[in-house]
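Remarks on the overall topology
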Amino acid sequence: MLRDITIGQHFPGDSALHNMDPRAKLVLTLVYIIMLFVASNPIGLGISIVLVFGLYLLAKIPLRLIGKSLKPIIPIILFTAVLNVFFVTGESEPLVSLGFLHIYREGIDYAVLIVVRIICIIAGTSLLTYTTSPIVLTAAIEQLLRPLSKLKFPVHELAMMMTIALRFIPLLIEETDKIMNAQKARGAQLDSGTLMQRVKALIPVLIPLFISAFRRADELAMAMECRCYHGGEGRTRLKELRMSGKDVWLTVAAVVVFVAMGMSNFLWK
Amino acid sequence: MNEHAQTMLEAKDVVFRYSETGSNAIDGLSMQVKKGEYVAVLGANGCGKSTLAKHFNAILLPASGTVWIEEIPTTDEDRLMEMRQKVGMVFQNPDNQIVATVVEEDVAFALENLGVPRDEMRCRVDDAMQMAGIYKYREKAPHKLSGGQKQRVAIAGVIAMRPDCLVLDEATAMLDPIGREKVMHTVHKLNRDYGITVVQITHYMEEAATADRVVVMSAGRIVMEGTPRQVFSQVEAVKALHLDVPQSAELCHALTQAGLPMPDDVIRPEECAAAIYKTLTGKEPPRDV
Amino acid sequence: MSEFVRVEHLSYIYGQGMPDETIALDDVSFSIEEGQFVGIMGATGCGKSTLITHFNGLNRPTKGHIYIGGEDLWADPGDIRRFRFLVGLVFQYPEYQLFEETVYKDIAYGPRNMGLSEAEIDQRVRRAAEFCGLSDASLQKSPFELSGGQKRRVAIAGVLAMEPKLLVLDEPAAGLDPEGRDTILGQIKAWHKETGSTTILVSHSMEDIAKYADRVLVLNSGKVAMYDETAKVFARAPELLELGLSVPEVTKVFLQLRQWGLDIPVDVYTVPYAVKTILAAKEGM
């Protein structure tokens, strides 16, 4: 059951998007999110939808995955939409009045706006992880943050922590599964009872899990030392990221679209 | 050549205990490992064999006595990186010694730490992966590999440092028979073809039987030593140390005791079969085609 | 003897409907008589671990049925917990499931979940501990102070204390030295003899299976490759080797002798039996 978690899932591929420099992808994703908030008009949002769908097609990632990644937050989306529909008041007459609730045209506009933004943010950031392996993403973060190390910010340590976390998360998930099975085999009831009972029932799972995690950390530290690990000083890397010509063109194209999104505000008025 | 040039590892009167009050995990032990040698260190759980292994690349330092790596005493902190690079360690649990999320990046880990230039690193990483027979998995995530494959990734990560010596601390204990066989094959190849000295800590008799020399430990001391033949022919003595002998040796010993004299230096199944054939038929076994 | 375990056309598919769908078990059928000691072997990934988690309902069959003591496990899914106590499962490296402050409390965890009286729990804990060679003094220790082999025995005692009618052990001796291995397997065998519980031992070690099991089930890619008396399975040594399994070293010796044209049985898998066979052959010459 724990195996089904798909956070940061990666779908290897060979599209232009897959092969793009992860630093560019990361920065462009951030800019995209900002632009979603800048462009608050139908044209801008239209462009953003077309962009994200187009990129999914380019990366050959099935569109139904957008639905899958949205599924857990559907309640949030609905909640914010309903909130906007009912509580945003406008200057014109309400479109519908149900007792004390009034629905204004502006409310519907806002609701649509918010829903589209959330969907685009989720779809956009998912696309980043779908097309970029976590390790490459970590390398990108490390390199983007590197200037900060001059300010004594522990960039290397942060990147190392992320790498180790990525390495051990699947292991610990598997291990949790195993321990849960072992305790269930001894009659533990992990999925029934009151909240208190359930929390209590988790102790036999959590204690072994922590002990195992500490043991792993201990052994890993020793193995790292045996392989001459001594912090980030004087380290070289097997892979260094480089922007290719294609990456530059993709970035330029993305920037053009972003500018269009920004300009749409003036067009709409 | 002087004596140092031929000695890879040396321990002299080493004593070690984990706590002040506890008993000695290593109790006045001395041994030498020659360059290019394949030594198996055998012993029941808690005999101190893993503690000894950790002395061979300065993870642990003796309470008294000295350990040398070539001519360097392990207490020489300034040369720690050099020692770690000379003696590579592989531990029991393959999962807990792989750092990176992609095989080749993990193999490169030690070289990255040592600041090896990228072009040379690429070359050494590829070599190491070829030598350990995991080149085809280079872009995989370690957790998708089997235990034996992961352990060979760990070996590759160590031999990328181009060490002179490999210390395996029960490196096959968690593997299935096939994984164990593959790892053993890899280690023997490294020893034979690349002249890497091997110290293998194990409690599998079949593995020890393939070494040049077997050292048996009990209660922090060396209690038996010799070629596998010399050690395993002493069936009773080995069993008294709560260890097994290979079944072939055990069978020959049992037959001798049952009144059917058999040679007492048999440790492999082929030899055992040949000896039985000879006893039963009075002839040499036919040559295999 | 009556039949105690019955597996009928059992199939199990991981991630059904997903792109990474894998068939772990494929139409597996067999049955085990009450009180038998059955060894299960197969190369890694043959479906052994998936199979044993079906015996106490941790996994639900994609297809097929399992009957324990004549009852269909999944007749009433709400009642599945009952089978957790009827079937004791010891996983690989079970010492990693220890969590209590004392050895006693950890062994008592299973019996307590069964809702037994304190007196009954106490009796069972002591009995299981004794079987596993744990002294009274060690019962009040923290399990984390013990050596690896002792921890393993505490974990096994924790399952034995539930006094299951079917005991399933997955590689109980993995990673132990020869003495630790013989001790634990000997204790399990003693438990089997004294309580008459049906026992399943999953192991990579043919030597261990050969020594303890009455019958052997060989799995290969999720299917039953062989299921027969131990001697008859080991008599098919060349096939076992082909399935990527190792056979005991003495079996290899006998295979070689037979290849050289000696007329001797090949169902030899333990040293004492090998000695007997050779002495008999000598007589006959």
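How each quantity is defined
Residues numbered from 1 in each chain as written. Chains lettered and ligands numbered in written order. Predicted model: local features only at pLDDT ≥ 70, side-chain atom pairs only at ≥ 80, totals over all residues. Helix = DSSP H or I, 4+ residues; strand = E, 2+ residues; numbered from the N terminus. Rg over C-alpha atoms; globule rule 2.2 N^0.38 Å. Buried ≥ 20, exposed ≤ 12 C-beta atoms within 10 Å, placed from the backbone. Contact = placed C-beta atoms within 7 Å. Nonpolar A, V, L, I, M, F, W, Y, C, P; charged D, E, K, R; others polar. Pairing = 2+ DSSP bridges. Axes fitted to C-alpha atoms, helices over the stretch in contact; angles between N-to-C directions. Domains from an automatic or database assignment. pLDDT = per-residue confidence, 0-100. Parallel < 35°, antiparallel > 145°, perpendicular 65-115°, else oblique. Left-handed = near helix turned anticlockwise from the far one by under 90°. Expected span 1.5 Å × (residues − 1). Bend = angle between axes of the 7 residues up to and from the residue.

Section: the overall build of chain C
For chain C, the helix and strand inventory stands at 12 helices and 10 strands. Relative to the 2.2 N^0.38 estimate, which gives 19 Å for 285 residues, the radius of gyration of chain C is 20 Å and therefore close to what a compact globule would have. Across its three principal axes, chain C shows a C-alpha extent of roughly 65 × 50 × 40 Å. Counting only residues that meet the buried cut, chain C has 48% of its 285 residues in that class. Nonlocal contacts in chain C, meaning residues at least 24 apart in sequence, comprise 66% of its contacts between residues at least 6 apart.

So, the overall build of chain A
When you go through chain A residue by residue, the secondary structure sums to 10 helices and 2 strands. What you see for chain A is a C-alpha radius of gyration of 24 Å, clearly larger than the 18 Å of a compact globule of 269 residues, by over 25%. Considering chain A as a whole, with its 269 residues, one finds that 26% of them fall into the buried category. Considering only contacts in chain A between residues 6 or more positions apart, those separated by 24 or more positions represent 76%.

What to know about the interface of chain B and chain C
Taken together, the 31 residues of chain B in the interface contact 30 residues of chain C. Put simply, the parts of the chain that give the side of chain B that touches chain C at least two residues each are α7 (177–194), α11 (247–257) and α12 (269–281) of chain B. No other element matches the 7 residues that α12(B) contributes to the side of chain B that touches chain C. For the side of chain B that touches chain C, the residue count by class is 20 nonpolar, 7 polar and 4 charged.

A word on the sheet that holds strand β7 (residues 166–170) of chain C
Within a beta sheet, neighbouring strands are joined by backbone hydrogen bonds and run either parallel or antiparallel to one another. All names here are of chain C. With mixed pairing, 6 strands are arranged side by side in an open sheet as β6-β7-β8-β3-β9-β10. Each edge of the open sheet is held by one strand with a lone partner, namely β6 (87–90) and β10 (223–229). Along the sheet, successive strands turn relative to each other by an average axial angle of 15°, direction set aside. Relative to the sheet, helix α1 (residues 48–55) contacts β3 (37–41), β6, β7, β8 (198–202) and β9 (215–220), its axis offset from that of β7 by approximately 155°.

Observations concerning the domain arrangement of chain C
All names here are of chain C. Taken domain by domain, chain C consists of domain 1 (1–79 + 166–172 + 198–234) and domain 2 (248–285). Taking only C-alpha atoms, the centre of domain 1 and the centre of domain 2 are 31 Å apart. Every contact between the two is made by 7 residues of domain 1 and, on the other side, 5 residues of domain 2. Of all elements in the fold, only α8 (206–212) and α9 (230–234) reach the threshold of two or more residues within the side of domain 1 that touches domain 2. With 4 residues, the single largest contributor to the side of domain 1 that touches domain 2 is α8. Residues of the side of domain 1 that touches domain 2, tallied by class, amount to 4 nonpolar, no polar and 3 charged.

Some remarks on the confidence of the model for chain C
When pLDDT is low, close inspection of the predicted coordinates is not appropriate. On average, residues of chain C score 91 in pLDDT, and 98% of them are at 70 or above. Across the interface, the model reports ipTM at 0.89; the global pTM reads 0.84.

Focus: the domain arrangement of chain A
Once the domains are mapped, chain A shows domain 1 (2–132 + 242–268) and domain 2 (154–226). For domain 1 of chain A and domain 2 of chain A, the distance between their C-alpha centres works out to 35 Å.

Digging into the sheet that holds strand β5 (residues 71–72) of chain C
Residues and elements named next belong to chain C. Spatially, β2-β1-β4-β5 is the arrangement adopted by the 4 strands of the open sheet, whose pairing is antiparallel. Only two strands of the sheet have a single neighbouring strand rather than two, namely β2 (22–33) and β5. Two strands pair when backbone bridges link them, and strand β1 (residues 3–14) and β2 are joined in this way by 8 bridges, in the antiparallel orientation. The residue bridging Tyr12 from the neighbouring strand is Leu25, located in β2.

What to know about the interface of chain B and chain A
Every contact between the two is made by 34 residues of chain B and, on the other side, 25 residues of chain A. Contributions of two or more residues to the side of chain B that touches chain A are made by α3 (80–86), α4 (103–114), α5 (118–131) and α6 (147–159) of chain B. Broken down by element, the residue count for the side of chain B that touches chain A peaks at 8 residues, all from α4(B). Residues that form the side of chain B that touches chain A fall into these classes: 17 nonpolar, 10 polar and 7 charged.

Section: the packing of α4(B) against α5(B)
Residue and element names in this part refer to chain B. The interhelical angle for the contact between α4 and α5, taken along N-to-C directions, is 120°, at an axis separation of 9 Å. Between α4 and α5, the crossing angle belongs to the class labelled oblique. Of the two elements, α4 crosses α5, and the hand of that crossing is right-handed. Contact residues: α4 offers Glu104, Val107, Ala108 and Leu111, while α5 offers Met121, Arg124, Val125, Ala128 and Met129.

Digging into the pairing of β6(C)
Residues and elements named next belong to chain C. Judged by which residues are buried, β6 turns out to be covered on both faces: Val87 and Leu89 on one side and Gly88 and Val90 on the other are all buried. Note: β6 against β7, 4 bridges, orientation parallel. Looking across to β7, one finds that Val90 is bridged to Leu169.

Observations regarding unusual backbone geometry
One non-glycine residue, Lys152(A), adopts positive backbone phi at about 70°. Take Lys152(A): it is sitting in the loop between α7 (134–145) and α8 (155–185). C-beta crowding within 10 Å serves as the criterion here: with 7 such atoms nearby, Lys152(A) is assigned to the exposed category. Positive phi values are uncommon outside glycine, yet Arg162(B) reaches one of about 50°. Assignment of secondary structure puts Arg162(B) in the loop between α6 and β7 (165–169).

Observations concerning the pairing of β1(C)
Pairing analysis gives 5 bridges linking β1(C) to strand β4 (residues 63–68) of chain C, with the strands arranged antiparallel. Each bridged residue has a counterpart across the sheet, and for Ser11(C) the counterpart in β4(C) is Lys63(C).

Re the environment of Pro12(A)
Residue and element names in this part refer to chain A. Relative to the helices and strands, Pro12 resides in the segment before α1 (16–19). Of the residues examined, Pro12 has 9 C-beta atoms within 10 Å and is grouped as exposed. Once the C-alpha coordinates of Pro12 and Leu98 are considered, the two residues, 86 residues apart in sequence, prove to be 51 Å apart.

Regarding α8(A)
Given a rise of 1.5 Å per residue, 31 residues ought to cover 45 Å, and the 44 Å separating the end C-alpha atoms of α8(A) matches this to within 8%. Bending of α8(A) peaks at approximately 35° at the position of Phe168(A), with proline Pro170(A) no more than four residues after it. Of all the residues in α8(A), the buried ones are Val155(A), Thr163(A), Arg167(A), Phe168(A), Ile179(A), Met180(A), Ala182(A), Gln183(A), Lys184(A) and Ala185(A). Its buried side turned inward, α8(A) meets α7 and α9 (195–226) of chain A together with α2 (81–86) and β6 of chain C. The first or second residue beyond α8(A) is Gly187(A), which carries a positive phi of 90°.

Side note on α6(B)
Residue and element names in this part refer to chain B. Spanning 13 residues, α6 covers 18 Å between terminal C-alpha atoms, matching the ideal 18 Å at 1.5 Å per step. Summarising burial for α6: 12 of the 13 residues are buried, a large majority. Inspection of α6 places Gly148, Gln149, Lys150, Gln151, Arg152, Val153, Ala154, Ile155, Ala156, Gly157, Val158 and Ile159 among the buried residues, and these make up the whole buried set. Packing partners of the buried residues in α6 comprise β6 (87–90), α4, α5, β7 and α7.

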